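# Analysis of the macromolecular model
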Amino acid sequence: MIHMGFSGMVAFVLIRVFKVVSPVKMTFEIYATCVIPISAFFASSLWFGNTAYLHISVAFIQMLKALMPVATFIMAVMCGTDKPRCDVFLNMVLVSVGVVISSYGEIHFNVVGTLYQVTGIFAEALRLVLTQVLLQKKGLTLNPITSLYYIAPCSFLFLFVPWYLLEKPQMEVSHIQFNFWIFFSNALSALALNFSIFLVIGRTGAVTIRVAGVLKDWILIALSTVIFPESTITGLNIIGYAIALCGVVMYNYLKVKDVRASQLPPESIPERNAKDWKLEKKSSDIFVPNNSSDNIRAGASNLDASDMNVDEEAPLMPSSRLSHIGRTHLTNHGA
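In this text the structure is predicted, and so the values were computed from the model without any measurement.

Moving on, we get to the pattern of salt bridges. Scanning all chains against the criterion turns up 5 salt bridges. Across the pair Asp82 and Lys255 runs a salt bridge whose closest N-O atoms are separated by 3.8 Å. Of the two residues, Asp82 is situated in the loop between helix H4 (68-79) and helix H5 (86-104) and Lys255 in helix H10 (residues 235-263); the sequence distance between them amounts to 173 residues. Given a relative accessible area of 21%, Asp82 falls into the partly exposed group. Put simply, Arg127 and Glu124 hold a salt bridge, and the shortest N to O gap is 2.6 Å. Taken together, the positions of Arg127 and Glu124, both in helix H6 (residues 111-138) and 3 residues apart, correspond to about one turn of that helix. Arg127 gets classed as buried once you look at its relative accessible area, which sits at 16%. Note on Glu124: relative accessible area 18%, which makes it buried. Overlapping salt bridges, with partners in common, bring together Arg85, Asp87 and Asp258 in one network.

Structure, rendered in structure tokens:
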């Protein structure tokens, strides 16, 4: 709740006071159908996920988070944004089997904590799916600051209700040792995390954030066993999580492969190359006076030199010589 309130205030100051970015055109209909449901499930994922820390260890929570692709796939199929596929279903089975093995090998297994964590995972998955369904259909483009500007205050209200009804009556003021710098640095770290996730995705891509997420899970599991004595892991934990991790890696590979396939233009590259070759052949039949032969040689040498520069974003593009018109055609399709 403190994190959402702090992030909302910072986003408000950046937009309304310093005018770093401009707010989007948000109507009441869009706010009611997009922002409120997304904020509600975001707050639910935070509340259930943080409550799980009171019952189960940090290492086991990270192992359960391997179920995120499974939950996302199930919610996407239910909402109609994804279609059931055999290869993805097998990956989901592999991840589920690995998580079950890890749970069976957990020393301090707690049913309540596990249910809290799994519920938070499915709430987060539903939030991601709703973001894709609602915001994309509405045509909204939210950057990190505007996302926090609209979602953080609403999430604060959704977190305030369970705090006021469930937690506040059990809190005794005499037992609370409030330290401003501890709470401020903690909220600042949460704000930096929210910004960094969007920036990493925007500057690098989904592949980097997925690989970094897998590395982060291993680091958290290793550090939790050192810092927290109750986070003892067994060999069965490691085997189960390794199996689940294999399924997660395969799932990420399939998703990245699908994204790259969807980015290819409708016309295949070999067909375009054949058309460009014919176009180049026709252009070579044009009569050119003899006094411009030196210019032709110079242009050909420059063209050959430019052929050595292969676009990293299109590694399938052959290095055969294309005409200038053909290159422009390919560039326009790529853009």
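For any pair of aromatic rings, the description consists of the separation of the ring centres together with the inter-plane angle of the planes. Counted by the stated rule, this structure contains 15 aromatic pairs. Each ring, one from Phe48 and one from Tyr116, has its centre 6.0 Å from the other, and the planes form 35°; the classification is tilted. Within this pair, whereas Phe48 is found in helix H2 (residues 28-52), its partner Tyr116 is found in helix H6, the two being separated by 68 residues in sequence. On the basis of relative accessibility, which here comes to 22%, the residue Phe48 falls in the partly exposed class. Looking at Tyr116, the relative accessible area reads 23%, which means it is partly exposed. When the ring of Tyr149 is compared with that of Tyr150, the centres are 4.9 Å apart and the planes differ by 80°; the resulting orientation is edge-to-face. Its relative accessible area of 14% is what places Tyr149 among the buried residues. An aromatic cluster of three or more residues is present, and its members are Phe6, Phe180, Trp181 and Phe184. Sitting above the plane of the Phe42 ring, Arg127 keeps its charged end 4.7 Å from the centroid.

A few words now on the side chain of Thr51. Inspection of the secondary structure assignment puts Thr51 in helix H2. Looking at Thr51, the relative accessible area reads 14%, which means it is buried. For Thr51, the side chain forms a polar contact with the main-chain oxygen of Trp47, separated by 2.5 Å.

Right, let's talk about the packing of H2 against helix H7 (residues 144-167) for a bit. The interhelical angle for the contact between H2 and H7, taken along N-to-C directions, is 50°, at an axis separation of 8 Å. Judged by the inter-axis angle, H2 sits oblique to H7. In the packing of H2 onto H7, the handedness of the crossing is right-handed. Contacts from Tyr31, Val35, Ile36, Ile38, Ser39, Ala40, Phe42, Ala43, Leu46 and Trp47 of H2 reach H7 at Tyr150, Ile151, Cys154, Ser155, Phe158, Leu159, Pro162, Leu166 and Glu167. Considering only residue class, the contact of H2 with H7 consists of 16 nonpolar, 2 polar and 1 charged.

Our focus in this paragraph is the side chain of Thr146. Mapped onto the elements of the fold, Thr146 is located in helix H7. Ignoring sequence-local partners within four residues, the contact set of Thr146 consists of Ile15, Val21, Ser22 and Pro23.

Turning to the confidence of the model for the protein, a few remarks are in order. The predicted coordinates of low-pLDDT regions are not to be read in fine detail. Scored by pLDDT, the protein has a mean of 78; 75% of the residues are at 70 or more. Taken as a whole, residues 282-335 scores under 50 in pLDDT and shows 31 contacts with residues more than four places along the chain or in a different chain.

The next subject is unusual backbone geometry. One non-glycine residue with positive phi stands out, namely Lys19, at about 55°. Among the structural elements, Lys19 can be located in the loop between helix H1 (2-17) and H2. Under the relative-accessibility criterion, Lys19 is labelled exposed at 62%.

Rules of the game
- Residues numbered from 1 in each chain as written.
- Predicted model: local features only at pLDDT ≥ 70, side-chain atom pairs only at ≥ 80, totals over all residues.
- Heavy atoms only, no water.
- Salt bridge = Lys/Arg side-chain N within 4 Å of Asp/Glu carboxyl O.
- Helix = DSSP H or I, 4+ residues; strand = E, 2+ residues; numbered from the N terminus.
- Buried < 20%, exposed > 50% of the residue type's maximum accessible area, 1.4 Å probe, protein only.
- Phe/Tyr/Trp six-rings, centres within 6.5 Å; stacked < 30°, edge-to-face > 60°.
- Lys NZ or Arg CZ within 6 Å of the ring centre and 35° of its normal.
- Polar contact = N/O pair within 3.5 Å; in protein donor to acceptor, adjacent residues only side chain to side chain.
- Axes fitted to C-alpha atoms, helices over the stretch in contact; angles between N-to-C directions.
- Parallel < 35°, antiparallel > 145°, perpendicular 65-115°, else oblique.
- Left-handed = near helix turned anticlockwise from the far one by under 90°.
- Contact = heavy atoms within 4.5 Å.
- Nonpolar A, V, L, I, M, F, W, Y, C, P; charged D, E, K, R; others polar.
- pLDDT = per-residue confidence, 0-100.

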